[in-house]
Amino acid sequence: SSIPSPASAIFSNNCSKRENRCSSSPLRSFHCVIWEQIFKRVDAVEGSRSQPISRRKKMIIAGSMLPRAARVAGAFRHVGAAAMSSAASEPIKVGIIGAGRIGQVHAETLAYRCPDATAVRIVDFFPDVAAATAKKYGIASSGTDYMDIVNDDSISAVWICSPSSMHAEQIVAAARKGKHIFCEKPLATELKQVDDVIKVVQECGVKMMLAFQRRFDPNFARARKAVDDGTVGDPYTFHLTSRDPAPPPVDYILKSGGLHNDMAIHDFDIARFLMKSECVKVTAVGACRVDPKIGSEGGDIDTAMTLLEFENGAFGVVDNCRKSPQGYDQRVEVFGSKGQVSFSNNFPNALEIADDTSVRRDLPLNFFMDRYMDAYRNETIQFVDAVVNDKTPPTSGHDGRAAMVIALAAKKSLQEGRPVLTSEIQP
């Protein structure tokens, strides 16, 4: 069979038929600029692969990039010719540290959904994993040393998706080289390290975003909007339920920092996000109800309830468990002076089965990567937008620190059997 035409040639052939219309309309010309940039990215993906990509596949890849391009094109109506100049500029070059599950999600998003950024290097402790990920997503270079990314002057931003124990040193190294930083939580494993990292980032004048992905999930974002626009009035109470489908092995527990710092920290961040206030008091109870080895060998709990009280008078409960028989359980309720907002679990389909015994449906999405896939993609898209358009990232080192303080207060409350003020927690 013949080798498919380059994607940019497909674009050129189609666009030439509209040449008269495009030349007469600045907006249509701008649309052509957007599509040209998208198809050049598709060609770059093809160039990294051993086999040509079919015309149909090229159109699918290009289509996956369209939502972001459409948003940029829509913005043209408001910002005029300046937007055309920005869109026509070259994508920023970025590097990815870590090619595990999260690193690959961000690599996919950068490859197919972020026309304004191009991943040019990826590293991982396992060279074969880095090389395979690079090949899959059209990344030009791979390796094992994160300093290869840090020392590459062509790279503007770095995605840190490595083990938690390495985050602090990698953030500091990247910041001192003037690179903007996207980091999976946590910033560091100790509170003093967190403070040191934040200080270095501020001194270096770079942007840093901590990836609390739930903020970027459509359901959580809509709940926050209902608080912002006054739909619920003054928030009174909240209830956050977060239960995993199965407990992790004890080896993981030993390195995790415990249930509060590893699992519940996402809920502590979301509580701050939805209440729009700082937590001042924490009361925690917990026990080992699922797996006795988590307690006897891991020194942790697997089931917990944590009461959080906020400066604005709001309070609520975070309900965690390492095992939920019905699968990944993620539910939220916020109650206020004017009303209530809530949402339940996400399901793989909307099918409902009804017969003479019951009305039922399939179980919820059973893995956090499936449940929050849109959120992982959205956070990368928003960070690229912050870097390219010089905006403040939507989450910061302060958010990471505040959630860690709540987690440490919860652990202290559990150990001492009393309410703990967050002001008691010091580096």
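Computed from a predicted structure; not experimentally measured.

## Re the pairing of strand β2 (residues 117–123)
When a strand is regular, its side chains alternate between the sheet's two faces.
Piece 1. With six of seven residues buried, β2 is to be regarded as a mostly interior element.
Piece 2. For strand β1 (residues 92–97) and β2, the ladder comprises six bridges, and the chain directions are parallel. Within β2, the position partnered with Ile-92 by the bridge is Ala-117.
Piece 3. Read from β1 through helix α6 (residues 101–112) to β2, the crossover connection turns out right-handed.
Piece 4. Where β2 lies against strand β3 (residues 141–143), three bridges are found, and the strand directions are parallel. Opposite Ile-122, over in β3, you have Ser-142 as the bridge partner.

## Here we look at unusual backbone geometry
Piece 1. Following Lys-185, the chain continues to Pro-186 via a peptide bond in cis, the omega torsion being 0 degrees.
Piece 2. Residue placement: Pro-186 occurs in the loop between β5 (180–184) and α10 (191–204).
Piece 3. A positive phi angle, close to 55 degrees, is found at Lys-276, a residue other than glycine.
Piece 4. In this fold, Lys-276 is placed in the loop between α14 (265–275) and β8 (279–287).
Piece 5. The backbone of Asp-390 sits at a positive phi, close to 55 degrees, despite the residue not being glycine.
Piece 6. For Asp-390, the position within the fold is in the loop between α17 (373–388) and α18 (397–416).

## Focus on the packing of aromatic side chains
Piece 1. Counting across every chain of the model gives ten aromatic pairs.
Piece 2. On the basis of an interplanar angle of 65 degrees and a centroid distance of 6.1 Å, the ring pair of Tyr-112 and Tyr-137 is categorised as edge-to-face. Taken as a pair, Tyr-112 in helix α6 and Tyr-137 in helix α7 (residues 127–137) lie far apart in primary sequence, 25 residues in all. Just as Tyr-112 is buried, Tyr-137 falls in that class too.
Piece 3. When the ring of Trp-159 is compared with that of Phe-182, the centres are 5.4 Å apart and the planes differ by 20 degrees; the resulting orientation is stacked. Here Trp-159 is found in strand β4 (residues 157–160), whereas its partner Phe-182 is found in strand β5, with 23 residues between them in sequence. The same class applies to Trp-159 and to Phe-182, which are both buried.
Piece 4. Members of the aromatic cluster, connected to one another through ring pairs, are Phe-220, Tyr-328, Phe-343 and Tyr-372.
Piece 5. Directly above the aromatic system of Phe-347 lies the positively charged group of Arg-361, at a separation of 3.7 Å from the ring centroid.

## A few points about the pattern of salt bridges
Piece 1. Inspection of every chain in the model, using the stated rule, returns 26 salt bridges.
Piece 2. The salt bridge partner of Asp-399 is Arg-215, with a shortest N-O separation of 3.4 Å. With Asp-399 in helix α18 and Arg-215 in the loop between β6 (208–211) and α11 (218–228), this residue pair connects regions lying 184 residues apart in the sequence.
Piece 3. Measuring nitrogen to oxygen at the nearest pair gives 3.1 Å for the salt bridge that ties Asp-329 to Arg-243. Here Asp-329, found in strand β11 (residues 329–336), pairs with Arg-243, found in strand β7 (residues 235–243); they are 86 residues apart in sequence, far enough to count as distant.
Piece 4. For Asp-329, a relative accessible area of 1% puts it in the buried group.
Piece 5. Within the structure, one salt-bridge network assembled from shared partners comprises Arg-215, Asp-269, Arg-272, Glu-278 and Asp-399.

## Describing the state of the cysteines
Piece 1. In the structure shown here, the tally under the stated rule is zero disulfides.
Piece 2. Cys-183 carries a free sulfur, and the closest cysteine sulfur to it, the one in Cys-161, is 8.1 Å from it.
Piece 3. The class of Cys-183 is buried, set by a relative accessible area of 0%.

## Describing a nonpolar patch on the surface
Piece 1. On the surface, Phe-125, Phe-126 and Val-129 cluster together into a nonpolar patch covering about 350 Å² of accessible area.
Piece 2. As for its position among the elements, Phe-126 is in the loop between β2 and α7.
Piece 3. Given a relative accessible area of 51%, Phe-126 falls into the exposed group.

## Focus: the confidence of the model for the protein chain
Piece 1. Averaged over every residue, the pLDDT of the protein chain is 85; residues scoring 70 or more account for 79%.
Piece 2. Of the regions scoring below 50 in pLDDT, residues 8–30 engages in 29 contacts with residues more than four places distant in sequence or in other chains.
Piece 3. Ignoring residues within four places in sequence, the model shows residues 67–88, a span with pLDDT below 50, making 31 contacts including any to other chains.

## Observations concerning the pairing of strand β10 (residues 315–321)
Piece 1. Of all the seven residues making up β10, five are buried; the element is thus mostly covered by neighbouring parts of the structure.
Piece 2. Here β7 runs beside β10; their pairing, made up of seven bridges, is parallel. Residue pairing for β10: Arg-243 is matched across the bridge by Cys-321.
Piece 3. With antiparallel pairing between neighbouring strands as the criterion, strand β9 (residues 303–310) and β10 make up a hairpin whose turn holds four residues, including Gly-313 at a positive phi of roughly 95 degrees.

## Section: the side chain of Ser-277
Piece 1. Topologically, Ser-277 is positioned in the loop between α14 and β8.
Piece 2. A polar atom in the side chain of Ser-277 sits 3.4 Å from the backbone nitrogen of Glu-311.
Piece 3. For Ser-277, the side chain forms a polar contact with the main-chain nitrogen of Asn-312, separated by 3.2 Å.
Piece 4. Discounting chain neighbours no more than four positions away, the residues touching Ser-277 are Arg-272, Phe-310, Glu-311 and Asn-312.

## As for the nonpolar core
Nonpolar side chains in soluble globular proteins generally cluster together in the buried interior.
Piece 1. The biggest cluster of nonpolar side chains holds 101 residues, and the ones touching the most others in it are Trp-159, Ile-181 and Leu-308.
Piece 2. Ignoring anything within four residues of it in the chain, the contact list for Leu-308 reads Phe-238, Phe-268, Ala-271, Cys-279, Lys-281, Val-282, Ala-314, Phe-315, Gly-316, Val-318 and Ile-406.

What counts and what doesn't
Residue indices begin from 1 for each chain and proceed along its sequence in written order. Local features are withheld for residues below a pLDDT of 70 in this predicted model, meaning they are given only at 70 or higher, and side-chain atom pairs are given and counted only at 80 or more; totals for whole chains, interfaces and linings count all residues. The basis for every side-chain value is the complete set of non-hydrogen atoms in the structure, without hydrogens or water. A 1.4 Å probe rolled over the protein chains alone gives each residue an accessible area, and that area as a share of the maximum for its type sets the label: buried under 20%, exposed over 50%, partly exposed in between. In this description a helix means any DSSP run of H or I spanning at least four residues, a strand means any run of E spanning at least two, and both kinds are numbered starting from the N terminus. When DSSP finds at least two bridges between two strands, those strands are taken to pair. Classification remark: right-handed applies to a crossover when, strands pointing away from the viewer, the course from the first strand over the helix to the second runs clockwise. A pair of aromatic rings is counted whenever rings of Phe, Tyr or Trp (Trp by its six-membered ring) have centres within 6.5 Å, and the orientation is called stacked for planes under 30 degrees apart, edge-to-face for over 60 and tilted otherwise. By definition, being over a ring means that NZ of Lys or CZ of Arg is both within 6 Å of the ring centre and within 35 degrees of the ring normal. By convention in these notes, a salt bridge is any Lys or Arg side-chain nitrogen within 4 Å of a carboxyl oxygen on Asp or Glu. The term disulfide is used for any two cysteine sulfur atoms that are within 2.5 Å. For patch detection, residues must exceed 30% relative accessible area and be free of salt bridges, and they are connected within 9 Å for like charges or within 5 Å for nonpolar side chains (Val, Leu, Ile, Met, Phe, Trp, Tyr). In short, Shrake-Rupley with a 1.4 Å probe defines the accessible areas, and a residue's cover is counted only from the protein chains shown. Think of pLDDT as the predictor's per-residue confidence, scored from 0 to 100. Residues are treated as being in contact if the distance between any of their heavy atoms lies within 4.5 Å. Contacts described as polar in this section are N or O atom pairs within 3.5 Å, which, within protein, must combine one atom able to donate a hydrogen with one able to accept it, while residues neighboring in sequence count only if both atoms come from side chains. Here, nonpolar core means buried Ala, Val, Leu, Ile, Met, Phe, Trp, Tyr and Cys residues that are tied together by side-chain atoms lying within 4.5 Å of each other.

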